[in-house]
Amino acid sequence: FDALLEQKPHFTLKAQNGKSLNLPLKRTFGEVAQGQPLIYLGSKRSPDLSKRFLEVAINCGDAAQALELGHPEQPARLTLERDHPVSPKALSLLG
């Protein structure tokens, strides 16, 4: 995961309704200013990275609201795209 973070990757998350967020990959919320979005490796307590999830958030905010996803029980179609290439070796570290 550290090798991937060193590349400072950014992603774009697009919702079916046309809304999108530009997301830097970070280790913690404290690495972005309040109100800024990020993508991070979820905190499930497992040393095996392949059993953890990438999660989308806004520091001190609500990513679902920013994307106007509507009711939490309604499924939403989201697409995550890399904004620049990430080495295959770094991606393989995520499982």
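Here goes a summary of the coordinates provided.

Conventions and cut-offs
- Residues numbered from 1 in each chain as written.
- Predicted model: local features only at pLDDT ≥ 70, side-chain atom pairs only at ≥ 80, totals over all residues.
- Heavy atoms only, no water.
- Salt bridge = Lys/Arg side-chain N within 4 Å of Asp/Glu carboxyl O.
- Helix = DSSP H or I, 4+ residues; strand = E, 2+ residues; numbered from the N terminus.
- Core = buried A, V, L, I, M, F, W, Y, C linked by side-chain atoms within 4.5 Å.
- Buried < 20%, exposed > 50% of the residue type's maximum accessible area, 1.4 Å probe, protein only.
- Contact = heavy atoms within 4.5 Å.

1. Topic: the pattern of salt bridges
Enumeration over the complete set of coordinates arrives at one salt bridge. For K19, the salt bridge is made with E68, and the minimal N-O distance between the two is 3.3 Å. Of this pair, K19 sits in the loop between β1 (10-15) and β2 (20-24) while E68 sits in the loop between α2 (63-66) and β5 (78-82), and the two are 49 residues apart along the sequence.

2. Quick look at the nonpolar core
The biggest cluster of nonpolar side chains holds 11 residues, and these are L5, F11, L13, A15, L21, L23, L25, I39, I58, A63 and L67. When residues of this core are traced back to their parent elements, those giving at least two are β1 and β2. For this core, the leading source of residues is β1, giving three residues.

3. Comments concerning the environment of I39
Relative to the elements of secondary structure, I39 occurs in strand β3 (residues 37-41). On the basis of relative accessibility, which here comes to 1%, the residue I39 falls in the buried class. Here the alpha-carbon distance between I39 and R27, two residues 12 residues apart in the chain, equals 8.4 Å. With residues near it in sequence (within four places) discarded, I39 still touches F11, L23, P24, L25, K26, L54, E55, V56 and L80.

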